[in-house]
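A look at the structure
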Amino acid sequence: MTQMRTRPDRGRSALGPALELVHTGRAPTRAVLTAELGVTRATAGAVAAELQSLGLITVDSGPAISAGAQGRPSHRLSVDPDGPVVLAAQVHSDGFRAALVGLGGRVVATDPGCGTVDADPAQVLGEVVAAGVRLLRSTGRRCVGAGLAVPSAVAEPEGTALNPLHLAWPAGAPVREIFARCLADAGVPGPAPGSTAAGFAANDVNLGALAEHRHGAGRGARQLLCVATGHRGVGGALVLDGRLHSGSSGLALEVGHLTVDPQGRPCHCGSRGCLDVETDPLALLEAAGRDPGPEVSLLDQARDLLCGDLAADPAVRSATRLLIDRLGLGLAGLVNILDPDRIILGGLHRELLLADPERLRQTVADRSLWGRSGGVPVLACTLDHNSLVGAAELAWQPVLDDPSVLLGQ
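A short tour of the structure in this document, coming up. (Residues numbered from 1 in each chain as written. Predicted model: local features only at pLDDT ≥ 70, side-chain atom pairs only at ≥ 80, totals over all residues. Heavy atoms only, no water.)

**As for the overall build of the protein chain**
- Within the protein chain, the regular secondary structure consists of 14 helices and 14 strands.
- Here the C-alpha radius of gyration of the protein chain, 23 Å, is about what a compact globule of 409 residues would show, namely 22 Å.
- Based on the C-alpha atoms only, the size of the protein chain along its principal axes is roughly 65 × 55 × 45 Å.
- In the protein chain, which comprises 409 residues, the proportion classed as buried is 52%.
- Summarising the internal contacts of the protein chain: among those between residues at least 6 apart in sequence, 62% fall at separations of at least 24. (Helix = DSSP H or I, 4+ residues; strand = E, 2+ residues; numbered from the N terminus. Rg over C-alpha atoms; globule rule 2.2 N^0.38 Å. Buried < 20%, exposed > 50% of the residue type's maximum accessible area, 1.4 Å probe, protein only. Contact = heavy atoms within 4.5 Å.)

Here's what the structure looks like:
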């Protein structure tokens, strides 16, 4: 005979779901938490109190009712601004950035790191971890994990970077293993007392999409498509019903290799005219007749071009229209295949959308089957450093799954 769960058991099992609701902003009050969990007010109160005792959330001691609202006042819930953090890092072709990120996607502190990336991934990741350790020492915050975003498809379950095309790293570099070793050497702690951070790693655009779905422009979408170009190249990601779709081995949504100009630039994949080389920052600079400089990242140079010269320079306007049309063609093809209910754009693609939103949306609608994609919202990503925040989400996941891990239980 199956034993019935006791009420305390139900409360304990609700800790993870409750923390995720507060973490993602979906339970701003104890009343909402009660309704979302489907438990009694007493159980929700006990769950909130336990999460508060763990230093993860805060519960207002004096509940208030909003003007015009009905019913009893409810305690407000929020993540604890002084609570634990995770070490998050992003490596890209122009350098790396390390950060401490709390619950709710809050970036507590950052270190911009170096401006170049060594050909040896162990050297780079050692510097990344060292930067994170400096942040931990300077802030005195408790660390409960670490996550890493890299500009490459990361194969599962091995954790190898298969195609770091815009880095000098060898193909198949075991980034997760190297990252974990660096964390262990530096003594970066994990969630359980006395443990060492496991070290999670994944593709940067995948992680940016995950962060946007939980905390930004993708919140509430059932099938979220993210397309973004950072410092070099183009990536894509799909979040289905709250879960990142990474395929059978972590390699799904390599959208950068959709052809949008068969006579276009040679691509690293062996084809020509792919999104990867036709809509990234270097493509914009070249189309506008600008020589890229070494002193500032390509992404910053492209952004400066759009902000400073778009209205005054015909060459910049023409280049912008060209990239928007190519991006729109690629997005239409993805809509025909994936049928998302929302599209978000990051990096330079975000800036292209903001430069001429109607042209991009109309191009997507005109090039899709039956004009269906004209009804799909195309929005700009809203989070600063969303890949960093996504790397933090990887590190926070064990705590979100079971907050009691912080007690070593």
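**Some remarks on the sheet that holds strand 12 (residues 243-245)**
- Strand order in the open sheet made by the five strands is 12-11-10-13-14, with mixed pairing throughout. Either end of the sheet is taken by a strand with one partner, and the two such strands are strand 12 and strand 14 (378-380). Each strand axis lies, on average, 30° off the axis of its neighbour in the sheet, ignoring direction.
- In this structure, strand 13 (residues 342-347) lies alongside strand 14, joined through three bridges in parallel fashion. Its bridge partner being in strand 14, Leu345 is matched across the sheet by Ala380.
- Helix 11 (residues 314-338) contacts strand 10 (223-229), strand 11 (234-240) and strand 13 of the sheet and is inclined by roughly 155° relative to strand 10.
- Running at roughly 110° to strand 13, helix 12 (residues 348-355) makes contact with strand 10, strand 11, strand 13 and strand 14 of the sheet. (Pairing = 2+ DSSP bridges. Axes fitted to C-alpha atoms, helices over the stretch in contact; angles between N-to-C directions.)

**Comments concerning the sheet that holds strand 3 (residues 85-92)**
- Taken in spatial order, the five strands line up as 5-4-3-6-9 in an open sheet, and their pairing is mixed. A single partner strand is all that each edge strand has here, and the edge strands are strand 5 (107-111) and strand 9 (200-203). Within this sheet the neighbouring strands show an average axis-to-axis angle of 20°, counted without direction.
- Sheet topology places strand 3 next to strand 4 (residues 95-101); seven bridges connect them, and they run antiparallel. Within the sheet, the bridge partner assigned to Val91 lies in strand 4 and is Phe96.

**Quick look at the pattern of salt bridges**
- Across all of its chains, the model carries 15 salt bridges by this definition.
- Note that Arg326 is salt-bridged to Glu278, the shortest N-O span being 2.5 Å. One end of the pair, Arg326, is in helix 11; the other, Glu278, is in helix 8 (residues 275-278), with 48 residues separating them in the sequence. Exposure class is identical for Arg326 and Glu278. Each is buried.
- In this structure, Asp300 and Arg303 form a salt bridge, with 3.9 Å as the shortest nitrogen-oxygen distance. One end of the pair, Asp300, and the other, Arg303, are both in helix 10 (residues 298-309), three residues apart, so they sit about a helical turn from each other.
- Here the residues in one salt-bridge network are Asp261, Arg265, Glu278, Glu286 and Arg326, joined through shared partners. (Salt bridge = Lys/Arg side-chain N within 4 Å of Asp/Glu carboxyl O.)

**Description of the packing of helix 2 (residues 15-23) against helix 3 (residues 30-37)**
- Axis separation between helix 2 and helix 3 bottoms out at 11 Å; the angle between their running directions is 130°. Here helix 2 is positioned oblique relative to helix 3, judged by the angle of their axes. With respect to the hand of their crossing, helix 2 and helix 3 are arranged in right-handed fashion. Along the contact surface, helix 2 presents Pro17, Ala18 and Leu21, while helix 3 presents Leu33, Glu36 and Leu37.
- By residue class, the composition of the contact of helix 2 with helix 3 is five nonpolar, no polar and one charged. (Parallel < 35°, antiparallel > 145°, perpendicular 65-115°, else oblique. Left-handed = near helix turned anticlockwise from the far one by under 90°. Nonpolar A, V, L, I, M, F, W, Y, C, P; charged D, E, K, R; others polar.)

**Some points on the pairing of strand 10**
- Among the seven residues of strand 10, six are classified as buried, and the element is accordingly described as predominantly covered.
- In the sheet, strand 10 pairs with strand 11 via seven bridges, with the strands oriented antiparallel. Residue pairing across strands places Leu224 opposite Val239, the latter belonging to strand 11.
- Here strand 10 hands over to strand 11 after four residues, with Gly233 in that stretch at a positive phi of 75°.
- Bridging between strand 10 and strand 13 involves six bridges; their strand directions are parallel. Along strand 13, the bridge assignment pairs Ala228 with Gly346.

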